[in-house]
Amino acid sequence: MRDGLATNESTFRSLTKLENIADEVAEKIRKFSGAKSYSVETFRDRCRELKGGVDKITYADVEELSASGRKVSESYVLR
């Protein structure tokens, strides 16, 4: 995206993959701990939100999503 190589279609596909991964992770967390993972679900919801306006996504949105994903990852790696 930063280099202007991303298309709306490729961005949508990438967000769909991220959304699906977040769904899988949230389900595994629910099965393992019996609780919801609000950080994963918030990440998934942000992916869905961005998919709804894929033509308006900025590089800042991608950076925000990346930072959010890192925080989710770090929170579960440390457990």
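Each remark here, short or long, concerns the structure printed above.
Residues numbered from 1 in each chain as written. Predicted model: local features only at pLDDT ≥ 70, side-chain atom pairs only at ≥ 80, totals over all residues. Heavy atoms only, no water.

K.L.:
Explanation requested: the pattern of salt bridges in the structure shown.
P.N.:
Pairing between side chains of opposite charge can happen when their charged atoms approach one another. Considering all chains together, one arrives at 12 salt bridges under this definition. In this structure, the salt-bridge partner of arginine 46 is glutamate 49, at a minimum N-O distance of 2.5 Å. Placement of the pair is arginine 46 and glutamate 49 together in helix H2 (residues 38-51), with a separation of three residues, close to one helical turn. As a salt-bridge pair, arginine 46 and glutamate 64 come within 3.0 Å of each other at their nearest N and O atoms. Here arginine 46 is found in helix H2, whereas its partner glutamate 64 is found in helix H3 (residues 59-77), with 18 residues between them in sequence. The exposure class assigned to glutamate 64 is partly exposed, which follows from its relative accessible area of 40%. (Salt bridge = Lys/Arg side-chain N within 4 Å of Asp/Glu carboxyl O. Helix = DSSP H or I, 4+ residues; strand = E, 2+ residues; numbered from the N terminus. Buried < 20%, exposed > 50% of the residue type's maximum accessible area, 1.4 Å probe, protein only.)

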